[in-house]
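Here are the chains, one letter per residue:
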Amino acid sequence: SIIVFLPLLGSLLLMLLRGEKALKIVALIVGLTTFLVSLVLFAGWKQGDPGMQFFETVPWVPQLGLSYTVGVDGLSLFLVLLTTFMMPLVFLFSWNSVHDQLKTYLVLMLLLETAMLGVFVALDLVLFFVFFEASLIPMYFLIGRWGGPRRVYAALKFFLYTATGSAFLLAAIIALGYLYKQQTGVWSFNLQDLYTLGLPANVQTLLFFGFALAFAIKVPLFPFHTWLPDAHVEAPTGGSVILAAILLKMGTYGFLRFSLPLFPEPTLRFAPLFMILALIGILYGALVALAQKDVKKLVAYSS
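Quick summary incoming for the structure in this document. (Residues numbered from 1 in each chain as written. Predicted model: local features only at pLDDT ≥ 70, side-chain atom pairs only at ≥ 80, totals over all residues. Heavy atoms only, no water.)

## Quick look at the pairing of strand E2 (residues 66–72)
- The element E2 is largely enclosed, with a buried count of 7 among its 7 residues.
- Side chains Leu66, Tyr68, Val70 and Val72 project from E2 onto one buried face, and the interleaved Ser67, Thr69 and Gly71 project onto a second face that is buried too.
- Inspection of the sheet shows strand E1 (residues 53–61) paired to E2 by 6 bridges, in the antiparallel sense. In the sheet register, glutamate 56 faces E2, and the bridge partner there is valine 70.
- Between E1 and the antiparallel strand that follows it, E2, lie 4 residues; glycine 65 among them carries a positive phi value of about 75 degrees. (Buried < 20%, exposed > 50% of the residue type's maximum accessible area, 1.4 Å probe, protein only. Helix = DSSP H or I, 4+ residues; strand = E, 2+ residues; numbered from the N terminus. Pairing = 2+ DSSP bridges.)

Structure below.
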């Protein structure tokens, strides 16, 4: 929890400061401090332990089975470290390139870091959804305010694509909680509880596609990829780095963390379809990348 909310506390501190140099220094210190604290996870990691480590749970809305439940395993450990490692670099990238409304820019970056870290440690599906959606808002404003000439178009496209997928994700999450209540008599959105659900194959398939659509857009998987080149090209440099290094990983992480263990049957059944779409994306992206003269477009299509 300290790692997740340290950037949020840093953003509140930045709101109290004035002066461009002070803002840059404090943002960099917050980013470096978060990275150093995250190394505690790595140092204290118990290799070979298959369960969740650094586990925390606090009731949130007990009547609906909601809780602030977080933990780290081998899947999320290095994504947390990657996120905290990249943010100080982003602040350094932006040191001499962002001057207009610098405070707002740095605050949004720190809020984005908290949201991304929350995605990788959340073990309650509603909490995951909150962080998943929260990451959308700062990136939308970063592209729309500090982006290139077509920034408004790119920001809206990014928002609409992601929000559409998230609507299906939310519906599937609520359905899972309701199905758990039907089987046990109590609401729960805790991932460990939902793993125990016994679901018919047709229900698994419907819920699988609710999750898969949101994650496919986030990856982005062909043919949901068209928002990415626009967002990459129009985003400020720091935003492009975050997109390529971290935000796109959230989609693949979602498939592995949720879709695969919650819906094993449809995952196996539709694996060939996703393999084909992935191969199309790889070949198409590579061929289009060959023709690019703009570095940001090259990075976008190769991503």
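## Considering the pattern of salt bridges
- For the coordinates displayed, the defined rule picks out 4 salt bridges.
- Between aspartate 230 and arginine 150 there is a salt bridge, and its shortest N-O distance comes to 3.4 Å. Taken together, the positions of aspartate 230 in helix H10 (residues 227–234) and arginine 150 in the loop between helix H6 (136–146) and helix H7 (151–184) put the pair 80 residues apart, joining distant regions of the chain.
- Here lysine 157 makes a salt bridge to aspartate 230, at a shortest N to O gap of 3.0 Å. With a gap of 73 residues between them, lysine 157 in helix H7 and aspartate 230 in helix H10 connect regions that are remote in the sequence. There is no split in this pair, since lysine 157 and aspartate 230 are both buried.
- Through salt bridges with shared partners, one network takes in Arg150, Lys157 and Asp230. (Salt bridge = Lys/Arg side-chain N within 4 Å of Asp/Glu carboxyl O.)

## Points about the packing of helix H4 (residues 102–121) against helix H11 (residues 237–262)
- Put simply, H4 and H11 touch, their axes get as near as 11 Å, and they point 20 degrees apart. By the angle between their axes, H4 is roughly parallel relative to H11. Crossing angle aside, the handedness with which H4 passes H11 is left-handed. Between H4 and H11, the contacting residues are Tyr105, Met109, Leu112, Met116, Val119 and Phe120 on the first element and Gly238, Gly239, Ile242, Ile246, Leu247, Met250 and Tyr253 on the second.
- Of the residues assigned to the contact of H4 with H11, the class counts are 11 nonpolar, 2 polar and no charged. (Axes fitted to C-alpha atoms, helices over the stretch in contact; angles between N-to-C directions. Parallel < 35°, antiparallel > 145°, perpendicular 65-115°, else oblique. Left-handed = near helix turned anticlockwise from the far one by under 90°. Contact = heavy atoms within 4.5 Å. Nonpolar A, V, L, I, M, F, W, Y, C, P; charged D, E, K, R; others polar.)

## Some thoughts on empty space enclosed by the protein
- This structure, assessed with the given rule, holds 1 cavity of 30 Å³ or more.
- As for the largest cavity, its lining consists of Lys24, Ala27, Phe91, Ser94, Trp95, Leu102 and Leu106.
- For the lining of the largest cavity, the residue count by class is 5 nonpolar, 1 polar and 1 charged. (1 Å grid on protein atoms, 1.4 Å probe; cavity = no way out; pocket = protein on both sides within 12 Å on 5 of 7 lines; lining within 4 Å. Points joined across faces, edges and corners; volume = space filled by probe spheres on them.)

All we've got here are geometric facts, nothing functional implied.
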